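Here's the letter readout for the chains.
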2 protein chains.
Amino acid sequence: MERTTRQRVAIRDAIAQAGRPLSPQEVLAAAGAQVPALSLATVYRNLRLLVEAGEVLSVVLPGESARYETSQHPHHHHFQCTRCRRVFDVHACPGNLAHLAPAGFTVDDHELTLYGRCSDCQVPARRGAKAPARAPTAR
Amino acid sequence: MERTTRQRVAIRDAIAQAGRPLSPQEVLAAAGAQVPALSLATVYRNLRLLVEAGEVLSVVLPGESARYETSQHPHHHHFQCTRCRRVFDVHACPGNLAHLAPAGFTVDDHELTLYGRCSDCQVPARRGAKAPARAPTAR
DNA sequence: GTAGCTGCAAATTCTTTGCAGTTGT
DNA sequence: ACAACTGCAAAGAATTTGCAGCTAC
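Computed from a prediction, not measured in an experiment: that's the story for all the values here.

Reading the values: rules and limits
- Residues numbered from 1 in each chain as written.
- Chains lettered and ligands numbered in written order.
- Predicted model: local features only at pLDDT ≥ 70, side-chain atom pairs only at ≥ 80, totals over all residues.
- Heavy atoms only, no water.
- Least-squares fit on C-alpha atoms with pLDDT ≥ 70 in both.
- Contact = heavy atoms within 4.5 Å.
- Buried < 20%, exposed > 50% of the residue type's maximum accessible area, 1.4 Å probe, protein only.
- Helix = DSSP H or I, 4+ residues; strand = E, 2+ residues; numbered from the N terminus.
- Arc of directions from axis to C-beta.
- Near = heavy atom within 4 Å.
- Polar contact = N/O pair within 3.5 Å; in protein donor to acceptor, adjacent residues only side chain to side chain.
- Nonpolar A, V, L, I, M, F, W, Y, C, P; charged D, E, K, R; others polar.
- Buried area = accessible area lost by both parts, 1.4 Å probe.
- Salt bridge = Lys/Arg side-chain N within 4 Å of Asp/Glu carboxyl O.
- Pairing = 2+ DSSP bridges.
- Axes fitted to C-alpha atoms, helices over the stretch in contact; angles between N-to-C directions.
- Core = buried A, V, L, I, M, F, W, Y, C linked by side-chain atoms within 4.5 Å.
- 1 Å grid on protein atoms, 1.4 Å probe; cavity = no way out; pocket = protein on both sides within 12 Å on 5 of 7 lines; lining within 4 Å.
- Points joined across faces, edges and corners; volume = space filled by probe spheres on them.

*Asks:* Any chance you could explain the relation of the copies chain A and chain B here in plain terms?
*Replies:* Each copy of the chain is related to the other by a rotation around an axis and a translation along that axis. Least-squares fitting of chain A to chain B yields an RMSD of 0.3 Å, with the superposition described by an axial translation of 0.1 Å and a rotation of 179°. Taken together, these values place the two copies in the relation of a two-fold axis. Of the C-alpha atoms belonging to chain A, the one lying closest to the rotation axis is found on A:Leu112, 2.2 Å away. Taken together, the interface assignments show that 97% of the residues at the interface of chain A recur at the interface of chain B, consistent with an identical surface on both copies.

Structure follows, in structure tokens:
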């Protein structure tokens, strides 16, 4: 990653400003606003380079393809709403979890995902209830 | 999932007896020992049905395809060694994490993955050091 | 007997890669 | 200048699906 290309700048900025993990398609949509001819292949190539460089982290949730977010944000976790499938950042952290590992193991890091209902999906689904779509484009 | 077919029995048994999360390919290999003509498509179809029926849970770790394990095992978490990439079960649990979520959110469940070095990979890699392969078949 | 289930192969979807042309430095 | 980078299209890999035949009940 030696050069500063328009594409790379756009991709880096899109992720830095998103405030939530973006999928490759979402990165393409966001960065593509700056660089119209941006190709998905370039997005993938840069995501890999940025992850290798430690600028970006990948977030994986069950049944979904990988999302990417800045490593600049402080340590945090994620919450996925089981109804609308959106992913939110959780800035709280249970703290030191090293004692959970078996004897002889060393814990360097951890990842935590909470599942439940976000504030928009509190009421159990009922006919005609006002609520967000179940799988909105923006996650 | 109305009938008890040989294929389904073999797949269910393979997962129940594995003691660790299996990938679809591993399920095919294990269950295929009982039902030689077993096809990968059938494995995928049954994994989905078993997950929907709540008999099986899917486990997803970054950069790896989904693994499946029995839901019969008590609530537990996972530990992935950053060196040999193997996945271990962790039976400890930090407990109630509901308070970590933002106000207005309801937490029903959580998933936790610890990262670090397993007991076999404690010594930082050095030339000629005795240690397991970095990416063994069995994870 | 018949609907559910299976195997096979084709179709999808997601991600990676080869290559020739473009562009930072 | 020239190697890194990009876009396009083709290649791969993982998962899903259509369909005709098999089989549990």
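*Asks:* For this particular structure, what's the right way to read helix 2 (residues 24-32) of chain A?
*Replies:* Given 3.6 residues to a turn, an α-helix orients residues that are three or four positions apart in the same direction. Residue and element names in this part refer to chain A. When we look at burial in helix 2, the residues that qualify are Pro24, Glu26, Val27 and Ala31. Along the axis of helix 2, the buried residues cluster in a sector spanning 155°; they form a single face. Where the residues of helix 2 are buried, they touch helix 1 (6-18), helix 3 (40-52) and strand 2 (67-70).

*Asks:* Looking at this structure, how should I read the protein's contact with DNA strand D?
*Replies:* Around DNA strand D sit 19 residues in total, of which A:Glu2, A:Arg3, A:Thr42, A:Arg45 and B:Tyr44 are the nearest. A:Arg8 places a side-chain nitrogen or oxygen 3.0 Å from a phosphate oxygen of DNA strand D. Listing elements by their share of the surface near DNA strand D, those giving two or more residues are helix 1 and helix 3 of chain A together with helix 3 (40-52) of chain B. In terms of residue count, the dominant contributor to the surface near DNA strand D is helix 3 of chain A (4 residues). The residue makeup of the surface near DNA strand D, split by class, is 6 nonpolar, 7 polar and 6 charged.

*Asks:* Looking at this structure, how should I read the interface of chain A and chain B?
*Replies:* It is common to report an interface's size as the accessible area lost on association of the parts. Taken residue by residue, the interface counts 32 residues in chain A and 32 residues in chain B. Approximately 2600 Å² of surface area, both sides summed, lies buried where chain A meets chain B, with 67% of it carried by carbon and sulfur atoms. At the surface where chain A touches chain B, the tally comes to 0 salt bridges. Listing elements by their share of the side of chain A that touches chain B, those giving two or more residues are strand 4 (87-90) and strand 5 (106-117) of chain A. At 12 residues, strand 5 of chain A tops the list of elements feeding residues into the side of chain A that touches chain B. A class-by-class count of the residues in the side of chain A that touches chain B yields 19 nonpolar, 9 polar and 4 charged. Note that strand 5 of chain A and strand 5 (residues 106-117) of chain B share 11 bridges and pair antiparallel.

*Asks:* Before we go on, may I ask you to explain the sheet that holds strand 3 (residues 77-81) of chain B in this structure?
*Replies:* Neighbouring strands of a sheet are bound in pairs by backbone hydrogen bonds; such pairs are parallel or else antiparallel. Ordered by their spatial adjacency, 6 strands build an open sheet running 4(A)-3(A)-5(A)-5(B)-3(B)-4(B), and the pairing between neighbours is mixed. Both outer strands of the open sheet, strand 4 of chain A together with strand 4 (87-90) of chain B, are each paired with one neighbouring strand and no more. For this sheet the average axis-to-axis angle between neighbouring strands, irrespective of direction, equals 25°.

*Asks:* Explanation requested: the protein's contact with DNA strand C in the structure shown.
*Replies:* Close to DNA strand C lie 20 residues, the nearest being A:Tyr44, B:Glu2, B:Arg3, B:Thr42 and B:Arg45. Across the atoms of DNA strand C situated within 4 Å of the protein, the share located in sugar and phosphate is 63%. Note that a base nitrogen of DNA strand C is positioned 2.8 Å from one of the side-chain N or O atoms of A:Arg3. Here a phosphate oxygen of DNA strand C and a backbone polar atom of B:Glu2 are 2.8 Å apart. Put simply, the parts of the chain that give the surface near DNA strand C at least two residues each are helix 3 of chain A together with helix 1 (6-18) and helix 3 of chain B. Sort the elements by how many residues they give to the surface near DNA strand C and helix 3 of chain B lands first, with 4 residues. For the surface near DNA strand C, a count of residues per class yields 6 nonpolar, 7 polar and 7 charged.

*Asks:* I keep staring at the nonpolar core and nothing clicks. Help me out?
*Replies:* Burial of nonpolar side chains together is a common tendency in soluble globular proteins. Formed by 25 residues in total, the largest nonpolar core has its most connected members in A:Phe79, A:Leu114, A:Cys118, B:Phe79, B:Leu114 and B:Cys118. Listed by contribution, the elements that provide at least two residues to this core are strand 3 (77-81) and strand 5 of chain A together with strand 3 and strand 5 of chain B. Among the elements that take part in this core, strand 5 of chain A stands out by supplying 3 residues, more than any other. If we skip the residues at most four places from it in the chain, B:Leu114 touches A:Leu97, A:Leu100, A:Ala101, A:Val107, A:Asp109, A:His110, B:His78, B:Phe79, B:Gln80 and B:Val90.

*Asks:* Would you mind going over the layout of surface pockets with me for this structure?
*Replies:* Picture a little ball the size of a water molecule; that probe, rolled over the atoms, points out where space is still empty. By volume, the largest pocket amounts to about 670 Å³. A:Pro62, B:Leu57, B:Ser58, B:Asp109 and B:Glu111 are the residues nearest the centre of the largest pocket, which is lined by 29 residues in total. Only helix 3, strand 1 (56-59), strand 2 (67-70), strand 3 and strand 5 of chain B provide two or more residues apiece to the lining of the largest pocket. The leading source of residues in the lining of the largest pocket is strand 5 of chain B, at 5 residues. Its volume calculated, the second largest pocket comes out at about 500 Å³. In terms of lining, the second largest pocket is formed by 25 residues, of which the most central are A:Leu57, A:Ser58, A:Asp109, A:His110 and A:Glu111. Looking at the lining of the second largest pocket, the elements with two or more residues in it are strand 1 (56-59), strand 2, strand 3 and strand 5 of chain A. Broken down by class, the residue content of the lining of the second largest pocket amounts to 10 nonpolar, 11 polar and 4 charged.

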